[in-house]
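Each chain, letter by letter, is given below.
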Amino acid sequence: MPIHHLYVHVPFCPRICPYCCFCVTPVTRRGMGRFLSNLLFEYRGIANDLQPRTVYFGGGTPTALPTRMLDELLRGMVPSGENAPEEVTVECNPATLSPTKALALRRGGANRLSIGAQSFDPAVLATLGRTHSVRVIDQALGTARMAGFDRINLDLMFGVPGQTLASWEATLAAVLERKIPHLSCYALTFEEDTEFFRRKACGRLSQDPAMEKKMFEMAGMMLGRAGYRNYETSNHALPGHESVHNLAYWRGEDYYGIGPGAVGTVRGVRHRNGPLCDDDSWSEIEREELTPQVMAAERMALGLRTAEGVGETGFRRRFGFLPAERWQKEIQQLRDAGLLTESAEAGGAGRMWRLTDRGRLLADEAAVFFMNEY
Amino acid sequence: MDTQHIRNFSIIAHIDHGKTTLSDRLLQLTGTIEQRQMRDQLLDGMDLERERGITIKAHPVRMNYRSEDGKDYQLNLIDTPGHVDFSYEVSRSLAACDGALLLVDASQGVEAQTVANLHLAAKQNLVIIPVINKIDLPNADVASCVQQIEDILAIPRDEIIKASGKSGEGVKDILEAVVRRLPAPRQTSSESLRALTFDSMFDTFRGVVIHVRVFEGEIRPGVIIRLMASGNDYEVKEVGCFKPEPVKQEYLGTGEVGYVIANIKSTSDIKIGETVTLARRPAAEPLPGFQQVRPMVFSGIYPIDTSNYEQLKACMARLQLNDSAFVYQHETSVALGFGFRCGFLGLLHMEIIQERLRREYQQDIIATYPSVIYRVKKTNGEELEVDNPVHLPDPSVIECIEEPVVRAFIMIPNQQIGDIMSLIMDRRGNCSHTETLDNRRVMLTCELPLNEILVDFNDKLKSISRGYGSMDYEPVGYVQSDQVKLDILVNGEPVDAFSCIVHRTKAESRGRTLALRLREVIPMQLFRVAIQAAIGGKIIARETVKAMGKNVTAKCYGGDITRKRKLWEKQKEGKKRMKAVGTVNIPQEAFIEVLKTN
């Protein structure tokens, strides 16, 4: 069976954000050309094994590429006509989405945009080191819609130092007013090797877990009332707007990942590419053979992040045993602690495992329960 | 060799006064070991010994020495364990000698242990050669050491040898003094055999190796020996001496020191202080001074992972092979599962065993709060000994409780006398005697409950006196005392490993501190954790560990999975190292934290 999901990493950014830990590099036009031909080369190596239902161009900032290159990129990797994938997402930042580029993306088959808006509060944007303003976000939204994108995601960030509950509420109100169909709300994390991590380490930035919890709950409540489903820990969507590509990760499906720093998981092997070298090339630096036990544990940990949870029928079909068999004690403990609930599978004969509201706030704690000695 | 040319001696000293270094120097000077074989602290075989600078097991070493009188002598150096916990072993080692070198550090002066050791040596009627060691140190104060030896130990100054184990200065004088001043072993005409067992160790290939001093007769391979206290007989396979490696000998004659290998399976079959005689012609009387060693301090030792119980059991058995003073028996704790109740000679002994289990045997263990043996009289007249708080009967049936008391000798600088006095008072002790030693130090003699010095008394003493204080103690008996059991409840369940028996006046403050401390070390869990301290069912303190609020990674996409999984796996590992008590995970630190009293 061919692989249905493809992730493509474009590492260029006009500016490196102080909290970003992804594989990123500042823009230089000459490097981009070489990068693009290397990327297309890597793609050709897997094309025969691919029948994409979803393609995701992430980064970095794919829209940092010039229009001509965006054209070439999409033309090369996104099939058209009856083989056209059902979802093609491109990440962009508000400042780099010009009408020309938006149209180029549509032309190339993209049907979903993920915009790194982060906040509608200028103070928060400043803390995050983002150069765009609310006006620029609105311009980008206008551009996207004009080009024909109705599937739009905004990335939003909470738990930013200095951000108040009122500021977060105003940002949520702003996105509701603009009727954005998909929202990713991320708590700011201090990843190692980022400017923020260093600032935190020397005490210049601090975290407030209690505030984060309030903001997390506020997003769930406000967006829920407006008809959004909190279909994964950090993701909220109006019905029909869920990201098919991201759901594939959480459901444990196979995906290819190409480009510097990209990760793919194909038939039990997870491979990881190294960073972009000085000559704009990269290579695979890691291969991990995933045992069925590891995959089963990951399936639980990731599946429980989603609102749909983990159904035991599908789980057994894939792994040959029921979650309640291997993790009987763990499941009981999680239920006793009020983190996990059991319900009947829709239409199926089996049980469905889901996290409770409280469990969703403690998803990482719950995940630990499913880790075994492999 | 005829007894006239044998000298048996040991070196007694306070910890760190350079005993082992001097021993090594003696071995070198007599050519027992060559320069190139020298390794620092040769006699301290165990890593732990070398690291802590203390000698736990005694090794007798034979040296051949040609004296200035032109004659050849056999010198047997019997190294003694240098700590109060092992005072019985020290006394048996000393009993094997005819004299002793008393070592005093030139920069430290006479210490509490120096006095205690001298007393032990005097009890054995040993001839003492006083040696001021480390005279090459820049801060050596030889003159005041001489004064102290004269004043405190009542030894004339003209007998004192000044030496340095490090530089070798004066070491020759020591050897000459050993030959000239120490008496030769007594020559007897007995037909039978009497030899004192002063140590034993276990060799994987050869079984138990006993260390003996022959007082009468001789011992050869092939004879059947009898241990007089146990009455068991064994055939001798080999005899020899240590140089310092074992060297086979034809026989061990009167006055000689060496080793005997017989068919003894375990060190628990041979008690230190046993008299070895011949089965065919047994001696009429054993040598004096044999005692059954009784442990003074008890503590539970449990595997962190209950499935490692059998493994731990095997390690305990192996430890005991080499250390018959260490006793253990199976015990079950509600909180900790299967484990062992262990008895130790004292605090250092306890620490050493626990360290060896952790380091040499790589066991992940939890040790519970140490306890002394309480004597409990019940209202129905029954009397029992309690070494584990769990076994303390209900207060309603207790008539009275007695606790063991020790007499402690504490040597401290003058300036800190006030602080030390209040420490002693705080530990329910009283000072019976204060003696001025010289113009800067005093020696306090005081009585203290043993359980008050179990955990951190010595550390406190050291910190108050900035390291200059030293102490030693001996048991003096039991006194009645108002003791209660303090329980700690975690989410309503008593955790027996946290229970302790304390004096009523201290129970409440200890309960409060303990609850507070546990709150700090027990990490947040999925639910709220209540920590309560209770005395006889009455809650006296309560602390709460809040439930965890939020722990969820914001981004978890294709590229994040492996990294996240590794993090979760690591957390799982961390959890496994915690002890699950009911539904609460208690980290190891909590069990260690309980051991600290304030």
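The preceding data block contains the structure.
Read on for an overview of the structure. (Residues numbered from 1 in each chain as written. Chains lettered and ligands numbered in written order. Predicted model: local features only at pLDDT ≥ 70, side-chain atom pairs only at ≥ 80, totals over all residues. Heavy atoms only, no water.)

## Observations regarding the overall build of chain B
Counting its secondary structure elements, chain B contains 13 helices and 30 strands. Here chain B holds 598 residues, and 58% of them are scored as buried. At a minimum sequence separation of 6, the contacts of chain B that also span at least 24 residues come to 69%. About 25,100 Å² of surface is accessible on chain B, with carbon and sulfur atoms providing 48% of the total. (Helix = DSSP H or I, 4+ residues; strand = E, 2+ residues; numbered from the N terminus. Buried < 20%, exposed > 50% of the residue type's maximum accessible area, 1.4 Å probe, protein only. Contact = heavy atoms within 4.5 Å. Areas by Shrake-Rupley, 256 points an atom, 1.4 Å probe, with all protein chains shown as cover.)

## Comments concerning unusual backbone geometry
In this structure, the amide linkage connecting A:G59 to the following residue, A:G60, adopts the cis form with an omega of 15 degrees. Turning to its location among the elements, A:G60 is positioned in the loop between β4 (50-59) and α2 (67-77). Along the chain, B:K243 connects to B:P244 via a cis peptide bond; the corresponding omega equals -15 degrees. For B:P244, the location among the structural elements is in the loop between β10 (233-242) and β11 (246-249). Non-glycine residue A:Q118 carries a positive phi angle of around 70 degrees. By the element assignment, A:Q118 lies in strand β6 (residues 112-118). Among the residues examined, A:Q118 registers a relative accessible area of 5% and is labelled buried. Not every positive phi belongs to a glycine, and B:A154 is a case in point at roughly 55 degrees. Counting through the fold element by element, B:A154 comes out in the loop between α5 (142-151) and β6 (161-162).

## What about the sheet that holds strand β17 (residues 365-367) of chain B?
All names here are of chain B. Here four strands make up an open sheet; going across it, the order is β15-β16-β14-β17 and the pairing antiparallel. In this open sheet, the two strands that pair with only one neighbour each are β15 (327-333) and β17. Recorded for the sheet is a direction-independent mean angle of 30 degrees between the axes of neighbouring strands. Pairing of strand β14 (residues 297-303) with strand β16 (residues 337-344), which is carried by five bridges, proceeds in the antiparallel orientation. In the strand pairing of β16, G300 is matched with R341. Strand contacts of helix α7 (residues 309-322): β14, β15, β16 and β17, with the helix running at about 15 degrees to β16, the strand carrying the most contacts. Each of β14, β16 and β17 is contacted by helix α8 (residues 347-359), which is oriented at about 15 degrees to β14, the strand it contacts most. (Pairing = 2+ DSSP bridges. Axes fitted to C-alpha atoms, helices over the stretch in contact; angles between N-to-C directions.)

## A few points about the interface of chain B and chain A
If you look at the interface, chain B gives 27 residues, while chain A gives 43 residues. When chain B packs against chain A, close to 3,300 Å² is buried across both sides, 57% of that on carbon and sulfur atoms. Measuring nitrogen to oxygen at the nearest pair gives 3.2 Å for the salt bridge that ties B:K550 to A:E212. Our count for the chain B to chain A interface comes out at 22 residue pairs in polar contact (both at pLDDT 80 or more). In terms of residue class, the side of chain B that touches chain A is built from ten nonpolar, seven polar and ten charged. (Buried area = accessible area lost by both parts, 1.4 Å probe. Salt bridge = Lys/Arg side-chain N within 4 Å of Asp/Glu carboxyl O. Polar contact = N/O pair within 3.5 Å; in protein donor to acceptor, adjacent residues only side chain to side chain. Nonpolar A, V, L, I, M, F, W, Y, C, P; charged D, E, K, R; others polar.)

## Comments concerning the pattern of salt bridges
Overall, the coordinates contain 54 salt bridges over all chains when judged by the stated rule. Among the ionic pairs, B:E150 bridges to B:R157, the shortest N-O distance being 3.1 Å. Notably, a salt bridge pairs B:E218 with B:R220, separated by 2.7 Å at the nearest N-O pair. The exposure class assigned to B:E218 is partly exposed, which follows from its relative accessible area of 35%. Residues joined in a network through salt bridges with shared partners are A:R270, A:E288, A:E298, B:R565 and B:E569.

## Some words on the sheet that holds strand β15 (residues 310-311) of chain A
Residues and elements named next belong to chain A. Spatial ordering of the open sheet is given by β15-β17-β16, a layout of three strands whose pairing is antiparallel. If you trace the sheet from one side to the other, it starts and ends with β15 and β16 (340-344), each paired once. Where β16 and strand β17 (residues 351-355) come together, five bridges link them in antiparallel fashion. In the strand pairing of β17, A344 is matched with R351.

## Looking at the side chain of A:T306
Residue and element names in this part refer to chain A. For T306, the position within the fold is in the loop between α10 (292-303) and β15. In this structure the side chain of T306 is engaged in a polar contact, spanning 3.2 Å, whose partner is the backbone nitrogen of G309. For T306, the residues in contact, after removing those within four places along its chain, are Y231, E232, L247, W250 and R360.

## Structural notes on the packing of aromatic side chains
Overall, the coordinates contain 23 aromatic pairs over all chains when judged by the stated rule. A ring pair is formed by B:F326 and B:Y328, whose centres lie 5.7 Å apart and whose planes are at 25 degrees; its orientation type is stacked. Classification of B:Y328 by relative accessible area gives partly exposed; the value is 23%. Taken together, the aromatic side chains of A:Y186, A:Y231, A:Y249, A:W250, A:Y255 and B:Y557 make up a single cluster linked through ring pairs. In this structure, B:R375 packs its charged tip against the face of B:Y478, placed 3.7 Å from the ring centre. The ring of B:Y369 carries the charged tip of B:R510 above its face, separated from the ring centre by 4.7 Å. (Phe/Tyr/Trp six-rings, centres within 6.5 Å; stacked < 30°, edge-to-face > 60°. Lys NZ or Arg CZ within 6 Å of the ring centre and 35° of its normal.)

## A closer look at the packing of helix α9 (residues 417-426) of chain B against helix α10 (residues 457-464) of chain B
All names here are of chain B. Relative to each other, α9 and α10 sit at 165 degrees, their axes nearing to 10 Å. Here α10 runs roughly antiparallel to α9, going by the angle between their axes. The way α9 lies across α10 gives a crossing that is right-handed. Contacts between α9 and α10 involve D419, I420, L423 and I424 from the first element and F457, K460, L461 and I464 from the second. (Parallel < 35°, antiparallel > 145°, perpendicular 65-115°, else oblique. Left-handed = near helix turned anticlockwise from the far one by under 90°.)

## Considering the pairing of strand β5 (residues 87-92) of chain A
Residues and elements named next belong to chain A. The buried fraction of β5 amounts to six of the six residues, a majority that puts the element mostly inside the structure. Residues of β5 alternate between two faces, with E87, T89 and E91 on one and V88, V90 and C92 on the opposite face, all of them buried. Looking at chain direction, β4 and β5 are connected through four bridges and run parallel. In the sheet register, F57 faces β5, and the bridge partner there is V90. Between the parallel elements β4 and β5, the chain passes through α2 in a crossover that is right-handed. In the sheet, β5 pairs with β6 via four bridges, with the strands oriented parallel. When the bridges of β6 are listed, T89 appears paired with R112. Handedness of the β5-helix α3 (residues 99-107)-β6 crossover: right-handed. (Right-handed = clockwise from strand over helix to strand, strands pointing away.)

## Things to note about the side chain of A:T356
Residues and elements named next belong to chain A. Structurally, T356 can be placed in the loop between β17 and α14 (357-361). Within polar-contact distance, the side chain of T356 engages the backbone oxygen of G338 at 2.7 Å. Excluding residues within four positions of it along the chain, T356 makes contact with G338, L339, L340 and T341.

## Structural notes on the packing of α2(A) against α3(A)
All names here are of chain A. Look at α2 against α3: their axes get within 9 Å of each other, and the N-to-C directions meet at 15 degrees. Classed by the angle they form, the pair α2 and α3 counts as roughly parallel. Once α2 is placed against α3, the crossing between them reads as right-handed. Note on element contacts: α3 touches α2 through T100, K101, A104, L105 and R107, opposite T67, L70, D71 and L74. Residue composition of the contact of α2 with α3, grouped by class: four nonpolar, two polar and three charged.

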